[in-house]
Amino acid sequence: MTPPRNSTAARDVAYALHPYTDHKAHLVNGPMVINRGKGVRVYDDQGRDYIESVAGLWCASLGFDNERLVQAATDQMRKLPFYHSFTGKSHEPMVDLAEMLIERAPVPMSKVFFANSGSEANDSVIKILWYMHNAIGKPEKKKIISRLKGYHGITLAAASMTGLPANHKLFDLPLPGFIHVGTPHHYHNALPGESEEDFATRLAAELEEVILREGPETVAAFYAEPFMGAGGVIIPPVGYFEKIQAVLKKYDVLMCVDEVIAGFFRTGNYWGSQTFNIQPDILVCAKALSAAYLPISAVMVNERVFQGIAEGSSTVGTWGHGFTYSGHPVPAAVAIETLKIYDEMDMLSHVRKVGPHMQAALQQRFAEHPMVGEVRGVGLVAAVELVEDKAKAKNFDPAKKIGARLSKLGEKHGVIMRAMTNDSIGFSPPLIISEVEIDEMVDRVGRALDELSVELR
Ligand code: PLP
């Protein structure tokens, strides 16, 4: 149906350039217009409700109608709507938030730098790594190792670390000096009969080979999400990070952890680093930091990294990095309120209660389904991977766009879903979700999948 000429949908097609969209198809299909939210649901311009099974983009941790966050933003806007943090200027919201993050860090951290998005934060980390190594007299130590299927965002360095083809094709990326190692996905990448532990050992050996091939004196850091999010919710095999970190230590390669999705309870601990026994030198968080109500991201660095920055800035006369809105008081105030809400409602206990319920409900509904190859997850994040041949773990031809078709059907059944590579459907609902809402979400997805199975017969 063609939308009325002046509708939001028609004007969208006329004027908006959407992230992650096939723009020729969009001219024909038009947008899905969402105009309000409540709890774990959003409502479209026809008033239809959808359970947000991925909290928007893994971020709306407190759902879509939290009044306290609105109030925190309003109060801060009235008091000090903007001030910057360049050249030693400061304000209370930024300092309070930095202190709260340092207090909550999974390992001792020294300082916090603020940016506006996960990508900006990750690009900032790369610049920190290059800067500090120049400052401490190791100008060769610049290469960054990340993983195929990892996702770190879309700015130049972040996209170079990202290991997904769509973020590189036609963009002339990755940049030189960014190297990708194998995906820690046991289901697809383990050898026949290989245990999780042996698979992890093999991945650590691969990493060591790459470091030796490149020359350890040229490798600055290893960059990883605790679990891979946008790459398909890939949970590392048992022992993976322990073995990886042993290699990094041996060659003095820093561990950078991208907790942009994992940060704040998603894996059933405050940090993904705690769930997977990671000791970051640098940790990045965003998304659930402000429950997505306003943009803000944070980079935490340990004392060793800070000393490198301090050294360089004293040589140059300044650390020539920072955004106009680094530590902006309004998102900072919202983030402070978000962290307080997490504490007050004991979000950790809540996730530890509803997380296992979601994992069990997904297993029960989908594990035996003929179109499902793997149901995987941890805490309150999961994926259901669709396959053409269950026995051979063989995915559908990507050209068939099976995951996208399921997402479309999900809309009909009242659930917004996220289809990722290998037709993996992600589940990362708002952290506030209840067991009843989880059951409703799983039921809606199940009905969409049953309808798709019938269509494919
Ligand atoms: N890192 C991870 C792990 C992410 O999942 C994302 C976004 O989904 C990013 C970085 C990039 O964040 P942003 O989209 O805010 O730039």
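Our structure's up above, just so we're on the same page.
Calculation criteria
Residues numbered from 1 in each chain as written. Predicted model: local features only at pLDDT ≥ 70, side-chain atom pairs only at ≥ 80, totals over all residues. Helix = DSSP H or I, 4+ residues; strand = E, 2+ residues; numbered from the N terminus. Rg over C-alpha atoms; globule rule 2.2 N^0.38 Å. Buried ≥ 20, exposed ≤ 12 C-beta atoms within 10 Å, placed from the backbone. Contact = placed C-beta atoms within 7 Å. Near = placed C-beta within 6 Å. Nonpolar A, V, L, I, M, F, W, Y, C, P; charged D, E, K, R; others polar. Pairing = 2+ DSSP bridges. Axes fitted to C-alpha atoms, helices over the stretch in contact; angles between N-to-C directions. Parallel < 35°, antiparallel > 145°, perpendicular 65-115°, else oblique. Left-handed = near helix turned anticlockwise from the far one by under 90°. Core = buried A, V, L, I, M, F, W, Y, C linked by C-beta atoms within 7 Å.

Draft legend 1. Focus on the overall build of the protein. When you go through the protein residue by residue, the secondary structure sums to 16 helices and 15 strands. For a compact globule of 457 residues, the expected C-alpha radius of gyration is about 23 Å, and the protein comes in at 22 Å, within 12% of that figure. Each principal axis of the C-alpha distribution contributes one length, and for the protein these read about 65 × 60 × 45 Å. Taking all 457 residues of the protein together, 49% fall into the buried category. Pairs at least 24 residues apart make up 71% of the contacts formed inside the protein by residues separated by at least 6 positions.

Draft legend 2. A look at the environment of A382. Structurally, A382 can be placed in strand β12 (residues 381-386). Residues A382 and L362, 20 residues apart in the sequence, show an inter-C-alpha distance of 8.4 Å.

Draft legend 3. Expanded view of the site of the ligand. By nearness alone, 15 residues border the ligand, and S117, G118, S119, G153 and V260 come closest of all. A per-element tally of the shell around the ligand places helix α6 (residues 118-135) first, with three residues. Each residue belonging to the shell around the ligand can be placed in one class, and the counts come to six nonpolar, seven polar and two charged.

Draft legend 4. Molecular detail of the environment of L164. Inspection of the secondary structure puts L164 in the loop between α7 (156-161) and β6 (178-181). Under the C-beta neighbour-count criterion, L164 is labelled partly exposed, with 19 such atoms within 10 Å. As a C-alpha pair, L164 and G150 span 14 residues in sequence and 7.0 Å in three-dimensional space.

Draft legend 5. Spotlight on the sheet that holds strand β10 (residues 297-301). Ordered in space as β4-β10-β9-β8-β7-β5-β6, the seven strands form an open sheet in which the pairing is mixed. Both outer strands of the open sheet, β4 (111-115) and β6, are each paired with one neighbouring strand and no more. For this sheet, the mean inter-axis angle between neighbouring strands, taken without regard to orientation, is 20 degrees. Bridging between strand β5 (residues 143-147) and strand β7 (residues 219-224) involves three bridges; their strand directions are parallel. Along β7, the bridge assignment pairs K143 with V219. Relative to β6, helix α9 (residues 196-214) is tilted by about 155 degrees, and along the sheet it contacts β5, β6 and β7.

Draft legend 6. Summary view of the sheet that holds strand β1 (residues 34-38). Read from one edge to the other, the open sheet built from four strands follows the order β1-β2-β3-β13, with strand pairing classed as mixed. Edge positions in the open sheet fall to β1 and β13 (415-416), since each of these has one partner strand only. Direction of pairing for strand β2 (residues 41-44) relative to strand β3 (residues 49-52): antiparallel, over a ladder of three bridges. Bridging across to β3, Y43 finds its partner in D49.

Draft legend 7. Highlighting the packing of α6 against helix α12 (residues 303-316). Where α6 contacts α12, the two axes come as close as 8 Å, and the packing angle between them is 70 degrees. In terms of orientation, α6 lies roughly perpendicular with respect to α12. When the axes of α6 and α12 are compared, the crossing they make is left-handed. Across the interface between the two elements, I128, Y131, M132, N134 and A135 of α6 pack against V305, G308, I309, E311, G312 and T315 of α12. In terms of residue class, the contact of α6 with α12 is made up of six nonpolar, four polar and one charged.

Draft legend 8. Layout of the pairing of strand β11 (residues 372-378). Extensive coverage of β11 is indicated by the burial of six of its seven residues. As paired elements, β11 and β12 share six bridges and run antiparallel to each other. Looking at β12, one finds that V375 is bridged to V384. Adjacent in sequence and paired antiparallel, β11 and β12 are bridged by two residues, among which G379 carries a positive phi angle near 55 degrees.

Draft legend 9. Seen up close, the packing of α9 against helix α10 (residues 240-250). Closest axis-to-axis distance for the α9/α10 pair is 9 Å, and the angle between their directions is 25 degrees. Here α9 is positioned roughly parallel relative to α10, judged by the angle of their axes. Here α9 runs over α10; the crossing is right-handed. Residue-level inspection shows A200, T201, L203, A204, L207, E208 and I211 of α9 in contact with α10, the latter providing Y240, K243, I244 and V247. Here the contact of α9 with α10 is built from residues that sort into eight nonpolar, one polar and two charged.

Draft legend 10. Just the nonpolar core, in detail. In terms of nonpolar packing, the biggest core is built from 138 residues, with F222 and V299 touching the most fellow members. Not counting residues within four places of it along the chain, the set of residues in contact with F222 comprises I145, I244, L248, V253, M255 and C256.

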